[in-house]
Amino acid sequence: MQRLTAQLIPMAAALALFGVGTFYAQDHAGASAKAKADAPEIFCGHMKTGQLCSGNAQMFKLSAAQKEQYSQALNKYNKAVGEAQKQFLEDAKTKVGLSEAELALAESWFAEGLNPEINKILAVKTKR
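Bear in mind that the values here come from a model prediction, so they are computed numbers and not experimental data.

Visitor: So what's going on with the packing of helix α2 (residues 64-96) against helix α3 (residues 100-108)? Residues and values would help.
Guide: The interhelical angle for the contact between α2 and α3, taken along N-to-C directions, is 165°, at an axis separation of 10 Å. It follows that α2 is roughly antiparallel to α3 by the angle criterion. α2 and α3 meet at a crossing whose hand is right-handed. Contacts between α2 and α3 involve Phe88, Leu89, Ala92 and Lys93 from the first element and Glu100, Leu103, Ala106 and Glu107 from the second. Residues belonging to the contact of α2 with α3 are distributed by class as follows: five nonpolar, no polar and three charged.

Visitor: Before we move on, can you summarise the state of the cysteines with the specific residues and values?
Guide: Tallying each qualifying case throughout the model produces one disulfide. Between the sulfur of cysteine 44 and that of cysteine 53 lies a disulfide, 2.0 Å long from S to S. By relative accessible area, cysteine 44 is classed as buried at 4%. On the accessibility criterion, cysteine 53 (4% relative accessible area) is buried.

Reading the values: rules and limits
Here, residues in each chain are numbered from 1, in the same order as that chain's written sequence. Per-residue local features of the predicted model are confined to residues with pLDDT of at least 70, and side-chain atom pairs are confined, for both listing and counting, to 80 or more; whole-chain, interface and lining totals are unaffected and use all residues. Only hydrogens and water are removed before side-chain values are computed, so all heavy atoms of the structure are retained for them. In this analysis an axis means a line fitted to C-alpha atoms, helices contributing only their contacting stretch, and an angle means the value between N-to-C directions, from 0 to 180 degrees. Secondary structure elements follow DSSP: runs of H or I no shorter than four residues count as helices, runs of E no shorter than two count as strands, and numbering proceeds from the N terminus. By definition in this entry, angles of less than 35 degrees are roughly parallel, angles greater than 145 are roughly antiparallel, angles of 65 to 115 are roughly perpendicular, and the rest are oblique. What makes a crossing left-handed is the near helix being turned counterclockwise from the far one by less than a right angle; a clockwise turn instead makes it right-handed. Two residues qualify as a contact provided that any one of their heavy atoms is within 4.5 Å of a heavy atom in the partner residue. All residues other than Ala, Val, Leu, Ile, Met, Phe, Trp, Tyr, Cys, Pro, Asp, Glu, Lys and Arg, Gly among them, are scored as polar; the first ten of these are nonpolar and the last four charged. Two cysteine sulfur atoms form a disulfide, by the criterion used here, when they sit within 2.5 Å. Here's how the labels work: a residue is buried when its accessible area is under 20% of the maximum for its type, exposed when over 50%, partly exposed in between, all with a 1.4 Å probe on protein chains only.

Next comes the structure, spelled out in structure tokens:
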């Protein structure tokens with residue numbers, strides 16, 4: 001009987017911790033989703049880090065001519081960002097001599113998926 005009790009107590013504790021962790025994760029995910037919904041998409045989530053969305057022009061009161069100029073400037077910027085990232089990684093590989101693992105780390109800095117995090121930071125800063 002004591003042996004059974006000794007085995008059940010750690011199991012119950014583990015289940016309780018798992019339950020608390022699950023509730024925490026669900027609550028945290030809900031808060032993250034709300035923050036994501038509140039954050040305007042300035043930097044496109046489907047593009048490389050630092051590239052801007054064309055829809056962010058709606059934040060400004062632009063005439064049709066200004067919107068066209070804005071779009072051209074934005075495209076020029078996104079192209080330059082993409083080319084700069086590509087050149088940086090090429091230089092890191094050929095001139096600096098980063099290992100494959102180091103190069104993979106550097107490439108992760110420009111991965112898709114980081115822009116939404118930048119948008120969240122901007123949303124918090126602009127609310128102040």
